[in-house]
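# Structure at a glance
Spelled out, the chains give:
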Number of protein chains: 2
Amino acid sequence: MNESLTYKGAGVDLDAAERAKRSLAPLLDAVGDENTLSGLGAFGGLYAVPGGMAEPVLVASADGVGTKLKVAFASGRHGTVGQDLVNHCVNDILVQGARPLFFLDYLATGDLDEGVVSAVVGGVARGCSENSCALLGGETAQMPDFYGAGEYDLAGFVVGVVERSRILDGSTVRAGDRLVALPSSGLHTNGFTLARTIVFERMGLTVGDPFPGESATAAEVLLRVHRSYLETVWPLLEEGAVSAMAHVTGGGIEGNLPRVLPEGLGARVDCATWTPENVFRQLGDAGGVAAREMYRVFNMGVGMILVVAPEREGAVLAALGGDGWALGEVVRGAGVQLEGVE
Amino acid sequence: MNESLTYKGAGVDLDAAERAKRSLAPLLDAVGDENTLSGLGAFGGLYAVPGGMAEPVLVASADGVGTKLKVAFASGRHGTVGQDLVNHCVNDILVQGARPLFFLDYLATGDLDEGVVSAVVGGVARGCSENSCALLGGETAQMPDFYGAGEYDLAGFVVGVVERSRILDGSTVRAGDRLVALPSSGLHTNGFTLARTIVFERMGLTVGDPFPGESATAAEVLLRVHRSYLETVWPLLEEGAVSAMAHVTGGGIEGNLPRVLPEGLGARVDCATWTPENVFRQLGDAGGVAAREMYRVFNMGVGMILVVAPEREGAVLAALGGDGWALGEVVRGAGVQLEGVE
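Given the structure is predicted, the values throughout are model-derived calculations rather than measurements.

### A short note on the overall build of chain A
When you go through chain A residue by residue, the secondary structure sums to 12 helices and 11 strands. Taking 342 residues into account, the globule formula puts the C-alpha radius of gyration at 20 Å, and chain A, at 22 Å, falls close to it. The dimensions of chain A, computed from C-alpha atoms along their principal axes, are 80 × 55 × 35 Å. Here chain A, with 342 residues, has 55% of them falling under the buried criterion. Considering only contacts within chain A whose residues lie at least 6 apart along the sequence, 84% involve residues at least 24 apart.

### Looking at the domain arrangement of chain A
All names here are of chain A. Domain boundaries assigned for chain A yield domain 1 (11-41 + 50-166) and domain 2 (178-339). Each of domain 1 and domain 2 has a C-alpha centre, and the two are 24 Å apart. Facing the 24 residues of domain 1 at the interface are 22 residues of domain 2. Listed by contribution, the elements that provide at least two residues to the side of domain 1 that touches domain 2 are helix H3 (68-75) and helix H4 (81-94). A breakdown of the residues in the side of domain 1 that touches domain 2 according to their chemical character gives seven nonpolar, 10 polar and seven charged.

### Here we look at the relation of the copies chain B and chain A
The two copies are related by a screw operation: chain B maps onto chain A through 180 degrees of rotation and 0.0 Å of translation along the axis, at an RMSD of 0.0 Å. Look at the turn and shift together and you get a two-fold axis relating the two. Rotation axis and chain B: the residue whose C-alpha lies nearest the axis is Phe157 of chain B, separated from it by 3.5 Å.

### Examining the environment of Gly288 of chain B
Its location among the elements puts Gly288 of chain B in the loop between helix H10 (278-287) and helix H11 (291-297). Each C-alpha atom, one on Gly288 of chain B and one on Pro210 of chain B, is 21 Å from the other, the two residues being 78 residues apart in sequence.

### A look at the sheet that holds strand S9 (residues 302-308) of chain B
Residues and elements named next belong to chain B. Spatial ordering of the open sheet is given by S7-S9-S6-S10-S8-S11, a layout of six strands whose pairing is mixed. The open sheet has two edge strands with one neighbour each: strand S7 (244-247) and strand S11 (336-339). Sheet twist, expressed as the mean angle between neighbouring strand axes with direction ignored, is 25 degrees. In this sheet, strand S10 (residues 325-332) lies alongside strand S8 (residues 265-270) in antiparallel orientation, the contact comprising five bridges. In the sheet register, Arg268 faces S10, and the bridge partner there is Glu329.

### Some details on the interface of chain B and chain A
Opposite the 72 residues of chain B that make contact, chain A presents 73 residues. Counting residues per element, the side of chain B that touches chain A draws most heavily on strand S2 (residues 56-64) of chain B, at nine residues. Class assignment of the residues belonging to the side of chain B that touches chain A gives a composition of 39 nonpolar, 20 polar and 13 charged. As paired strands, strand S1 (residues 45-48) of chain A and S2 of chain B are joined by four bridges and run antiparallel to one another. Within S2 of chain B, the residue paired with Leu46 of chain A across the bridge is Val59 of chain B.

### Regarding the pairing of S2 of chain B
All names here are of chain B. When you tally the buried positions in S2, you get nine out of nine residues, the bulk of the element. By the alternation rule, side chains of S2 split into Pro56, Leu58, Ala60, Ala62 and Gly64 and Val57, Val59, Ser61 and Asp63, which are all buried. Where S2 meets strand S5 (residues 152-163), nine bridges bridge the pair, whose relative direction is antiparallel. From the neighbouring strand, Gly64 faces S5, where its bridge partner is Ala155.

### Digging into helix H3 (residues 68-75) of chain B
Residue and element names in this part refer to chain B. Taken together, the buried positions of H3 are occupied by Lys68, Leu69, Lys70, Val71 and Ala72. Among the structural elements, helix H4 (81-94), S5, helix H6 (192-202) and helix H7 (218-222) are those in contact with the buried residues of H3. Residue Gly76 follows H3 closely and has a positive phi angle near 70 degrees.

### Concerning the sheet that holds strand S2 (residues 56-64) of chain A
With mixed pairing, five strands are arranged side by side in an open sheet as S4(A)-S3(A)-S5(A)-S2(A)-S1(B). Two strands in the sheet have a free side with no partner beyond their single neighbour: strand S4 (134-142) of chain A together with strand S1 (45-48) of chain B. Mean inter-strand twist for the sheet, computed between neighbouring axes without regard to direction, equals 20 degrees. One ladder, built from 10 bridges, connects strand S3 (residues 99-109) of chain A with strand S5 (residues 152-163) of chain A; its direction is antiparallel. Paired with Leu104 of chain A across the bridge in S5 of chain A is Phe157 of chain A.

Cut-off values and rules
Residues numbered from 1 in each chain as written. Chains lettered and ligands numbered in written order. Predicted model: local features only at pLDDT ≥ 70, side-chain atom pairs only at ≥ 80, totals over all residues. Helix = DSSP H or I, 4+ residues; strand = E, 2+ residues; numbered from the N terminus. Rg over C-alpha atoms; globule rule 2.2 N^0.38 Å. Buried ≥ 20, exposed ≤ 12 C-beta atoms within 10 Å, placed from the backbone. Contact = placed C-beta atoms within 7 Å. Domains from an automatic or database assignment. Nonpolar A, V, L, I, M, F, W, Y, C, P; charged D, E, K, R; others polar. Least-squares fit on C-alpha atoms with pLDDT ≥ 70 in both. Pairing = 2+ DSSP bridges. Axes fitted to C-alpha atoms, helices over the stretch in contact; angles between N-to-C directions.

Structure, rendered in structure tokens:
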């Protein structure tokens, strides 16, 4: 005789989903603001368009954490990938001049471990809070024969706003403009498929092993949180000191800087102006990765590039204190010349 | 001697990613509108807040397709899951009175098969177009040791807008209000972990086998596109004829209708008012699933429920033509009584 089937028996536990949802309520409540009009349980999150703007333009971006998640799985450290995700998304709209309004996450798991879900969403909430951004909602999906036990994927969506006249679209960028670099905090969320191959196969490390040249484990080095540049850059944007900005993600400096330069302009980047952090040097050496390939896959220590008019460069560097440096300049032509990289 | 490593060798092909991105450009261009200010390649998508509203409120929702994707993988039919996703998200904000402005997708794959990516994103674009919603951007992630060959996850995010005074928040719902049902188009995107267990294990069908009681294959029945209720319901919302709406997703009628009823009110649903479609009867019979469980896991033929004042019911039903029916009423108490279901 055939046993009668249930949803729970097939692997989906609606009660556990309800409990997980309730346990997330305080996280969501803590990350609203005066424009957040909806509570938990609504089909959609409600957010009032901020007043006082002449022509508000919404700026939206979707992203994932990529296989950096695999390092979280292997080390059981699930608390910071949510911050990576929020910060990545926030940077992607910041480069167009927008500040974030709200964020939603998509978390898909095999087994909906409540501790893991709450650690991951807790990280998302912390990321939102640090960027003064409401966590307006999200979806936690149970997909038992899709994701392995203890595994999940995490994606997120941010919506920000910018006054139309202040959109950074690169249209004021001219040849001779200066490039100012802001340092990354490690790999951020790019290049992890290659980085993991080098660290766990070529170097033969486990997540708990000390990372060469650092007083930190491999997991700690690889999981360093993707930096948000909002707080650093916002005062400069308010002053109108920045003509364009590029977030250095997949594709590296070469892949991202041209995205914000007008047709007919390229960039000269002087790679002697900084020394990539230890993690990049170790990955390059242990993997025998060609220098050009390293600069295409990883940020190499440059997380964000500001394009500023020559007469602004001094003031921008002074405002950044030790946090930024003169990286190069905008030139006629196309693409990026990485000077000093074979 | 150690071979020197490359990103492509580790499984991530940046050139293929660039080609996939370019091949998607016409899809995105075709699904913009006059408020879409950004083109492909921007870090974030730009969308002007529509003018002419007193207090515009944004309504946002994130969702995935769940394990309905497994049916797409098994059958190689990738063209409609994007529509499922968009329609699901659109319905989730429609129930709060919002019409969609724009959508972003997150597609994570193992091997970035260009044909599959373009079929999936093509479906997303078609869904956006059918809902008069801009496809503002998205992320296509290559995660080679995360997703198997030919497998992917797909999530999406919609932002809509509603005039603040017209938000459907259930506050005008009273005991005695009527429930009007709108039919679903099959399973929509819920209950697939159980449905697949029944169809492929208990019934022993393959995706290409005829589905019992239908002139369609198992894949065709299971992949029927999640219906968007925007076009049907929008004229009723503009007239102010609807007090609340519930989208019947995971958790069924019982799990979703109470989400839009004020404290102290419940609902009486008369299950003799309709006959669930063949697919629900076959799943229940073959799986030996208890009737209560069926109504908790599946929509059972009711995709959307409108709550209307008693004096509006006749006009609403007349406006819907044969598309809706009188389902029950709002009562004092809590929860949902499913009359006629043991």
